[in-house]
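# Coordinates in review
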Amino acid sequence: MHHIAVIDYGMGNLRSVSKALEAVSNNASVVVTSDPKTILSASHVLFPGVGAIRDCMAELKQLELEDVILQATQEKPFLGICLGMQALLSHSEENSGVDTLNLFSGSVKLFRPDALINGEKLKVPHMGWNQVHQTCSHPLWKNIEQNSRFYFVHSFYAEPTDKAVIAGTSAYPDDFAAALYKDNIFAAQFHPEKSQRAGLQLLENFVNWDGQS
Amino acid sequence: MSLAKRIIPCLDVDGGRVVKGVQFVDIRDAGDPIEVAKRYDQQGADEITFLDITATHAERDTMVHVVEAVASQVFIPLTVGGGIRTVEDIRRMLNAGADKVGINSAAVNNPEFVREAAEKFGSQCIVVAIDAKKVSAENETDKWEIFTHGGRKPTGIDAVEWAKKMVEYGAGEILLTSMDKDGTKSGFDLALTRAVSDAVNVPVIASGGVGKLQDLTDGIKLGHADAVLAASIFHFGEHTVEEAKQQMAAQGIEVRL
């Protein structure tokens with residue numbers, strides 16, 4: 001039986017994540033926790049998050065979860081969502097610049113507020129359903145149609161140094177990394193827990209994932 | 001490949017039931033919010049908005065339970081508005097499973113509340129709801145004013161300027177309702193929608209007045225809205241969300257089908 005730990009560090013709506021995981025896993029227990037022991041004894045770890053990066057890093061530090069997260073990313077299937085993806089890069093432009101966990105070399109940048117999209121002003125946050133183009137085959141994309149739409153809500157996007165870690169892209173208006181992967185880590189800028197069928201499929205794939213690419 | 005325009009069915013909730021009034025009177029019962037939300041999810045709704053129209057203290061608990069129940073079964077974004085006045089109100093709704101909250105009168109009474117809320121929870125979950133009414137005469141330049149208390153109380157605040165100010169304060173989205181059009185089924189106030197949408201760089205949801213499918217397309221093409229909100233056109237089975245999206249797609253609007 002799988003034990004999935006959803007890391008609770010006070011950033012955002014964890015009920016939706018845990019309810020969605022419960023909906024797709026008959027055979028798993030889901031626990032929302034900030035306890036290092038519980039996180040490190042889980043079979044799968046999910047790192048969610050909404051809000052601002054400075055608060056995110058401060059909360060992780062205060063709860064002494066930075067090392068726990070780093071250790072979990074070495075050992076077990078690990079899924080970062082939204083801010084939980086951005087925190088995995090080296091640095092974020094948000095809040096006048098914040099150093100982050102550095103699991104993926106690269107930085108997190110603000111969408112161009114002066115850009116035009118079909119002649120209209122680019123609205124930031126990037127909010128709504130956008131298509132995700134899968135750029136690799138990965139167990140987490142299993143049974144998800146190419147270019148399926150997922151729900152996004154974010155103003156910053158990840159720009160990894162090594163493009164080979166990009167698992168999927170979206171366009172707003174330029175292509176950006178909608179998902180990253182490396183070994184047993186997968187990270188999504190979109191919210192699978194709010195992306196109806198395609199999102200639930202991705203979470204189901206995560207629950208069934210052994211961490212191998 | 002780009003971002004889809006959104007269709008958002010709106011459920012006015014009173015005493016745990018979905019209701020729909022015409023210009024805030026003549027309430028008709030439209031059903032159980034959980035059943036209604038599930039139906040819209042199956043039809044392809046991009047989000048669902050709940051408006052707590054009584055918004056009394058006792059009703060707040062009912063609303064929290066409604067959101068909890070819906071969020072356990074419907075995996076699309078949920079917004080809750082009506083009577084959101086404190087950080088604690090927001091926290092309760094987010095913890096119940098809402099993704100965004102709509103702030104209306106409380107923003108007018110105390111704009112700093114929007115700033116505080118955005119700093120605490122992030123702009124992405126702070127929707128400022130604006131109820132606007134046209135106050136200019138036919139031969140004057142268009143001008144709209146903010147009204148509170150269900151459209152009864154004028155504030156003297158210009159709607160377009162207010163929208164810009166709320167974005168500066170941290171609003172991540174504007175829900176714009178025309179009080180002149182709400183419940184009339186005669187289409188959005190397109191001039192108002194366009195004026196606000198062009199003035200701000202956050203998404204704008206057009207609301208108030210949808211009577212036929214073409215109104216939704218017009219809200220996006222002519223009103224420059226990023227999303228369109230409607231209630232009665234969907235509640236009483238006149239149209240499904242899917243029909244609405246097919247009609248929009250046929251006119252070249254990118255939608256999630």
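Small disclaimer: the values here were computed from a predicted structure and weren't measured.

### Structural notes on the packing of aromatic side chains
Counted by the stated rule, this structure contains 14 aromatic pairs over all chains. An angle of 45 degrees between the planes, with centres 5.3 Å apart, marks the rings of Y9(A) and F47(A) as tilted. With a gap of 38 residues between them, Y9(A) in the loop between β1 (2-7) and α1 (14-24) and F47(A) in strand β3 (residues 44-47) connect regions that are remote in the sequence. Per residue, the accessibility class of Y9(A) equals that of F47(A), and both read buried. Connected via pairs of aromatic rings, a cluster forms that spans F111(A), W141(A), F150(A), F152(A), Y157(A), Y172(A), F176(A), F186(A) and F190(A). Its guanidinium or amino end placed over the ring of Y169(B), R115(B) lies 4.2 Å from that ring's centre, counting from NZ or CZ. Directly above the aromatic system of F147(B) lies the positively charged group of K133(B), at a separation of 4.5 Å from the ring centroid.

### Brief notes about helix α6 (residues 159-168) of chain B
All names here are of chain B. Listed in full, the buried residues belonging to α6 are A159, V160, W162, A163, M166 and V167. The buried residues of α6 occupy an angular sector of 160 degrees when projected down its axis, which confines them to one face. Looking one or two residues beyond α6, the residue adopting positive phi is G170, at roughly 120 degrees.

### Considerations on the interface of chain A and chain B
Think of interface size as the accessible area that goes away when the parts come together; that is how it is often given. Counting from both sides, the interface comprises 35 residues of chain A and, opposite them, 42 residues of chain B. A combined buried area of about 3000 Å² lies between chain A and chain B, and 54% of that area is made up of carbon and sulfur atoms. Counting the contacts that link chain A with chain B gives 3 salt bridges. The partner of D226(B) in a salt bridge is K123(A), with the nearest N and O atoms 3.0 Å apart. Seen at the junction of chain A and chain B, the total is 19 residue pairs in polar contact (both at pLDDT 80 or more). By residue number, the principal contributor to the side of chain A that touches chain B is strand β10 (residues 126-131) of chain A, which donates 6 residues. Of the residues in the side of chain A that touches chain B, the class split is 13 nonpolar, 13 polar and 9 charged.

### Some remarks on the environment of A177(A)
Positionally, A177(A) belongs in strand β15 (residues 175-182). With residues up to four places along the chain from it excluded, the contact list for A177(A) reads M85(A), A158(A), P160(A), I166(A), G168(A) and Q189(A).

### Some points on the UniProt feature "active site" (unreviewed entry) in chain A
All names here are of chain A. As recorded in UniProt, the sites labelled "active site" (unreviewed entry) are C82, H191 and E193. Spanning 112 residues, the annotated positions come together in the fold, the maximum distance between their C-alpha atoms being 11.0 Å. Relative to the assigned elements, C82 resides in the loop between β4 (78-81) and α5 (83-86). Residue C82 is classed as buried on the basis of its relative accessible area, which comes to 5%. When neighbours within four sequence positions are excluded, C82 is seen to be in contact with G49, V153, A188, Q189, F190 and H191. With respect to the element layout, H191 can be found in the loop between β16 (185-188) and α6 (196-207). Once residues within four sequence positions are removed from consideration, H191 is found in contact with G49, V50, I81, C82, Y151 and V153.

Conventions we followed
- Residues numbered from 1 in each chain as written.
- Chains lettered and ligands numbered in written order.
- Predicted model: local features only at pLDDT ≥ 70, side-chain atom pairs only at ≥ 80, totals over all residues.
- Heavy atoms only, no water.
- Phe/Tyr/Trp six-rings, centres within 6.5 Å; stacked < 30°, edge-to-face > 60°.
- Helix = DSSP H or I, 4+ residues; strand = E, 2+ residues; numbered from the N terminus.
- Buried < 20%, exposed > 50% of the residue type's maximum accessible area, 1.4 Å probe, protein only.
- Lys NZ or Arg CZ within 6 Å of the ring centre and 35° of its normal.
- Arc of directions from axis to C-beta.
- Contact = heavy atoms within 4.5 Å.
- Buried area = accessible area lost by both parts, 1.4 Å probe.
- Salt bridge = Lys/Arg side-chain N within 4 Å of Asp/Glu carboxyl O.
- Polar contact = N/O pair within 3.5 Å; in protein donor to acceptor, adjacent residues only side chain to side chain.
- Nonpolar A, V, L, I, M, F, W, Y, C, P; charged D, E, K, R; others polar.
- UniProt positions renumbered as here; feature names shortened; annotations may be inferred.

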